[in-house]
Amino acid sequence: MKLNTNGIDLKLTLGSFSLVLLLGILAVFFPAEVKSTMGSMLDFTVVNLGTGFLWYIIFATVALLYLAFSKYGEIRMGDCKPKFTKFQLFAMALSAGMGASTMYWGFIEAVYYFMDPQFGIDDKHMAMEYATAYNMFHWGAAGWFSYLIVAVPFAVVFYLKRSKSLSLSGVVNSLCNDALPVWAQKAIDLLFIITTLAATALTLGLGIPMISSNIASLTGIPDTLMLGVGVILGLAVIFSLSSYIGIEKGMAALSSATIYICAGFIGLIFIIGPSALMVNNLSNGVGIMLSDYIRMSTSTDPFGSTLFPQYWTVFFLANWISYSPGIGVFITKIAQGQKLRDLILVLVVGGTLGSAVIFGICGTFTMDLVNNGIVDGVKLIEAGQPAQLVKEVFGTTSIPMVLTAIYLITMILFTVTTLDGTSYSLAGIATRKLDDEANVSPMFRLFWCMLLTALPIIFLVIDADLNIMKSFPVLIVTLIIPIFFVAAVKTLQYLKTNYNGIMAHQREQDQILGIADGQTEDNTAKA
């Protein structure tokens, strides 16, 4: 199949490609300078601008809860029944929005927090309890609010204002009554693409070494740079095939399978691990997270010296925000026919509970071994060996190879679905006009699949450390947050002004389509 370039924004596409190529050249020939510059910029940003990230998420939380529980929650995205069931909606959003990062951090993140306890905690066991709670906080509702505060403007403009462009500039321009200058639109779209590429680079930069380490454990192949590059190229083949097949046939099925396999893996960990402790710690962690939610959401530790909120909470929020334009486009694609209330609550509640279970079980498994002196997690983290920590955790069981194999499969599937959703988003923003189903050219998605593999290869070549990879999303989103804020405010104003007309039109469509009052799912949809 040939690539039809008529509807593609070639300047935007080639500009993005050129920037990635330039970064690759600089990183390969000046690795020390790139690391030093990005590290300094990261330090400045999180220390001086971190509070803005916290309050942006608070704004998103309040705005979305208002939409979900007010009359505006009844507004449906499009004049049709839901294209996907709520489970498919949840599975695809979770797979695209959390991905391999969840599995990467699941067994190791609590150790970092245990090593650097917050709120003046000195007691060892209390530090472990708060480590679990911070796991749940960083991967919970705040992240989904950051996605949805961008996804809702996209969905409103595409389904209600009927603009057939999924570019961020197109959304903002439509909400501003076409008053945005052309140069500003181009700048916004370029920033959108670079933000999405940076977020994907972080996911792959963290996930690929873990995948290659597990492959080495299973096969005995040396864990070298070549293996890492081979893993990236192998993943590119898989998610390119899924992208080419399409979301309906490819990602919908793959996401559902990923969730089932992940659930099976977590269930197996629960059975062979300290089950009672996992239940107790999961419940306790949820309680601490809920009771201290506002405190965690606004904590900056102004008189402390650890900079924990800046280098962890701000980093996680920045990572979520950096993914929000890409995931926002993808959520728009799968939100067709869903009510605004269902869209918000399914993703926020489902995503929060899902991550709480994953981190509550996996994190507790590791922390129990650390607490009993069976695995020296602190030493391994200090030595920069998170993959070895996971290996040693599995090694304490009677089935280490089985766990390694399932863990590896789960990470690969999560990575593939994440990149699949991202490639759709990038192709969507660089396509001038989409059809009513928001479809993009399969060949154009393949192009973005290939480009997505470039940055993680660069990270492997320069052997980038965690803080360098963190700097990508943190630095980029500082520029794009004001745009998201304007889009959200304009969306709220549009819904308030046009609510009566929107609902009158949708009630007419309900009668035509035979959608009963309160019916929200297409009964013909297959889970």
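What counts, and at which threshold
Residues numbered from 1 in each chain as written. Predicted model: local features only at pLDDT ≥ 70, side-chain atom pairs only at ≥ 80, totals over all residues. Heavy atoms only, no water. Disulfide = S-S within 2.5 Å. Buried < 20%, exposed > 50% of the residue type's maximum accessible area, 1.4 Å probe, protein only. Axes fitted to C-alpha atoms, helices over the stretch in contact; angles between N-to-C directions. Helix = DSSP H or I, 4+ residues; strand = E, 2+ residues; numbered from the N terminus. Parallel < 35°, antiparallel > 145°, perpendicular 65-115°, else oblique. Left-handed = near helix turned anticlockwise from the far one by under 90°. Contact = heavy atoms within 4.5 Å. Core = buried A, V, L, I, M, F, W, Y, C linked by side-chain atoms within 4.5 Å. Salt bridge = Lys/Arg side-chain N within 4 Å of Asp/Glu carboxyl O. Nonpolar A, V, L, I, M, F, W, Y, C, P; charged D, E, K, R; others polar.

Asker: Can you help me understand the state of the cysteines in this one?
Answerer: Covalently bonding the sulfur atom of one cysteine to the sulfur atom of another cysteine gives a disulfide. Tallying each qualifying case throughout the model produces zero disulfides. Considering cysteine sulfurs only, cysteine 362 is the nearest to cysteine 262, which forms no disulfide, with 7.6 Å between them. Residue cysteine 262 is classed as buried on the basis of its relative accessible area, which comes to 6%.

Asker: I tried to follow the packing of helix H7 (residues 141–160) against helix H8 (residues 168–175) on my own but got confused; where do I start?
Answerer: Helix packing geometry: the angle between the two helix axes and the distance between the axes. At a minimum axis separation of 10 Å, H7 and H8 run at an interaxial angle of 70°. Regarding the angle of H7 to H8, the classification is roughly perpendicular. Between H7 and H8 lies a crossing whose hand is left-handed. Contacts between H7 and H8 pair Pro153, Phe154 and Val157 from the former with Leu168, Val171, Ser174 and Leu175 from the latter.

Asker: Please clarify how the nonpolar core should be interpreted in this entry.
Answerer: Side chains of nonpolar character tend, in soluble globular proteins, to be buried together. If you look at the biggest cluster of nonpolar residues, it comprises 158 residues, and the most contacted ones within it are Trp105, Phe107 and Leu495. Ranked by residue count, the leading element in this core is H7, at 17 residues. When near neighbours in sequence (up to four residues on either side) are disregarded, phenylalanine 107 contacts Phe265, Ile269, Cys362, Phe365, Thr366, Leu389, Val390, Val393, Phe394 and Tyr407.

Asker: Sorry if this is basic, but what is going on with unusual backbone geometry here?
Answerer: Negative phi values dominate among residues other than glycine, just as trans dominates among peptide bonds. The backbone phi angle of asparagine 177 is positive, close to 60°, even though this residue is not glycine. When you line up the elements, asparagine 177 lands in the loop between H8 and helix H9 (182–219). In this structure asparagine 177 comes out as exposed when scored by relative accessible area, which is 65%. In the Ramachandran plot, aspartate 178 falls in the positive-phi region, its phi being about 60° despite a non-glycine side chain. For aspartate 178, the position within the fold is in the loop between H8 and H9. On the accessibility criterion, aspartate 178 (59% relative accessible area) is exposed.

Asker: So what exactly am I meant to see when it comes to the pattern of salt bridges here?
Answerer: Side-chain pairs of opposite charge can arise whenever the charged atoms involved come near each other. The tally for this structure, following the rule as stated, stands at three salt bridges. Of the charged contacts in the structure, one is a salt bridge between aspartate 342 and lysine 86, with a shortest N-O distance of 3.9 Å. Here lysine 86 lies in helix H3 (residues 86–97) and aspartate 342 lies in helix H15 (residues 340–371), a separation of 256 residues in the sequence. On the basis of relative accessible area, aspartate 342 is assigned to the buried category, the value being 17%.

Asker: Just checking my understanding: could you explain the packing of helix H12 (residues 275–291) against H15 for this structure?
Answerer: Relative orientation of the contacting elements H12 and H15 amounts to 120°, with a least axis distance of 9 Å. With respect to each other, H12 and H15 are oriented oblique. Relative to H15, H12 is oriented so that their crossing is right-handed. In this structure, H12 uses Leu277, Met278, Asn281, Leu282 and Val286 to contact H15, whose residues at the interface are Ala356, Val357, Gly360, Ile361, Thr364, Phe365 and Asp368. Tallied by class, the residues present in the contact of H12 with H15 amount to eight nonpolar, three polar and one charged.

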